[in-house]
Every structure is written in C-alpha cells, then in structure tokens.
Amino acid sequence: MNTRAIKVQKQGWIPKKERIWVIVAIIIAAAIMLWELKGLLQLPLTTLHSKQFEHTFKDFGSNARIALFFVLAYYVLLRVIKLDYLKGQANVKKRLSTVLRFARRWHTPVAILAIAFIILHTVAVFMHGFKFDFNNISGLLSLIVLLPVPISGLFRYQRMDRKWHLRSGVAFAILFLIHSFL
C-alpha cells in the first residue's frame, strides 16, 4: 500500500481542517429545517393556499439562491484566476487567491445551508400545491440533479469522484438558473 492510500485511509471522509465547520453547518441546517418545518406543519389549510404563503416558500428559495451564488462563486473564481489575461497581474492574482481561499473554506458549509433551504422550499411548494408548469418542473429537475452533488462531494474529499461533483454541480447550476430566472 502506498503512502497516499494510507493517508487517505486514515483521514476519514472529511478533512480535519474542514470537519468542525461542516459539523456546525449540519447542526445549523438541521435546526433551521426543524424550526421551519414545525412552523409549516402548524399552518391552517386556508393559509397554505394563500398569496401570503407563496411569499413564504419564495423566501426559502431566495435564501437558497443567495447561498448557491456564494457556493458557485468558488468555481467562477477558480476559472478567473487561471485566465491568460491575468498572467502579468501578480497583485490581482494575489488578491483573487485570497478571495478564492475564503470561498473554498466556506464552500461546503454554505452548500449545506443552501440544501436545507432547498428542502424547505420544496416541502413548502408541495404543501401549497404542485402544478405541472414550467417553473415547477424545472425546479423538480434541478432537485433531482442536486441529489448526487453532495454524495459526489464526499467522494471528492477522497479523490474518488472522477469529476462527478463538478459535472453534476454544473448541471444543477444550469437547471437552477433556469428555474430561478425564467
């Protein structure tokens, strides 16, 4: 067994330097979900089909959208820093690399919170009444494509994902943007 395999084997699924923030994000996401689901389940049926409740589930979607833009910013910054245009711009690259490190550090915890808001948005939409229109179908498709993203993200930590995290993430991002803005 080579040294890399032994190191990966001892490391665990999530690296130590990220483990605390991932656990904190999971706890916060679970608390938000439990609190909001409790509130959703206590609503009367007349409220579920009102215009006011429509704003409620759209707010969950808006919170998820903000978090997902932060999550996707990591990939955008990664592409920007590799541009040939920035070859002679050491100062700009240095500042971009600082922002990139920040985005990388918070990529996973913010993604966990975004998934919590997506789940709340989905539950609230089904409580309000699912209609077979373009917006709901595109949202359902993006949710289905989102399912393998966190799983492949765990494999990404072990370097076993073969770029599935990136590929499924890009597919989700495209469907998510279609759902959000069309």
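Up top is the structure.
The sections below set out a description of the structure shown in this document. Remember, predicted model here, so these are calculated numbers, not experimental data.

**A short note on the packing of helix H2 (residues 16-41) against helix H5 (residues 90-128)**
Inference 1: Interhelical geometry of H2 versus H5 gives an angle of 15° and a closest axis separation of 9 Å. Relative to H5, the element H2 is oriented roughly parallel. Where H2 crosses over H5, the two elements pack in a sense that is right-handed.
Inference 2: Residues of the contact of H2 with H5, tallied by class, amount to 22 nonpolar, 1 polar and 4 charged.

**Here's the deal with the packing of aromatic side chains**
The way to describe two aromatic rings as a pair is by their centre distance and the angle between their planes.
Inference 1: Under the defined criterion, the tally for this structure stands at 9 aromatic pairs.
Inference 2: When the ring of Phe70 is compared with that of Phe102, the centres are 6.0 Å apart and the planes differ by 85°; the resulting orientation is edge-to-face. Taken together, the positions of Phe70 in helix H4 (residues 51-81) and Phe102 in helix H5 put the pair 32 residues apart, joining distant regions of the chain.
Inference 3: Judged by its relative accessible area of 26%, Phe70 is partly exposed.
Inference 4: Between the aromatic rings of Phe126 and Phe130, the centroid separation amounts to 5.0 Å while the plane-to-plane angle is 15°, which identifies the pairing as stacked.

**Notes on the nonpolar core**
Inference 1: Counting 29 residues, the largest nonpolar core has Phe53, Phe60, Leu68, Ile118, Ala124 and Phe172 as its most contacted members.
Inference 2: Put simply, the parts of the chain that give this core at least two residues each are H2, H4, H5, helix H7 (148-157) and helix H8 (164-181).
Inference 3: Sort the elements by how many residues they give to this core and H5 lands first, with 10 residues.
Inference 4: Filtering out sequence-adjacent residues up to four positions away, Phe172 remains in contact with Leu68, Ile118, Ser142, Val145 and Leu146.
Inference 5: Tyr74, Leu77, Ile81 and Ala103 belong to the second-largest nonpolar core, a separate cluster that totals 7 residues.

About the criteria used
Residues numbered from 1 in each chain as written. Predicted model: local features only at pLDDT ≥ 70, side-chain atom pairs only at ≥ 80, totals over all residues. Heavy atoms only, no water. Axes fitted to C-alpha atoms, helices over the stretch in contact; angles between N-to-C directions. Helix = DSSP H or I, 4+ residues; strand = E, 2+ residues; numbered from the N terminus. Parallel < 35°, antiparallel > 145°, perpendicular 65-115°, else oblique. Left-handed = near helix turned anticlockwise from the far one by under 90°. Nonpolar A, V, L, I, M, F, W, Y, C, P; charged D, E, K, R; others polar. Phe/Tyr/Trp six-rings, centres within 6.5 Å; stacked < 30°, edge-to-face > 60°. Buried < 20%, exposed > 50% of the residue type's maximum accessible area, 1.4 Å probe, protein only. Core = buried A, V, L, I, M, F, W, Y, C linked by side-chain atoms within 4.5 Å. Contact = heavy atoms within 4.5 Å.

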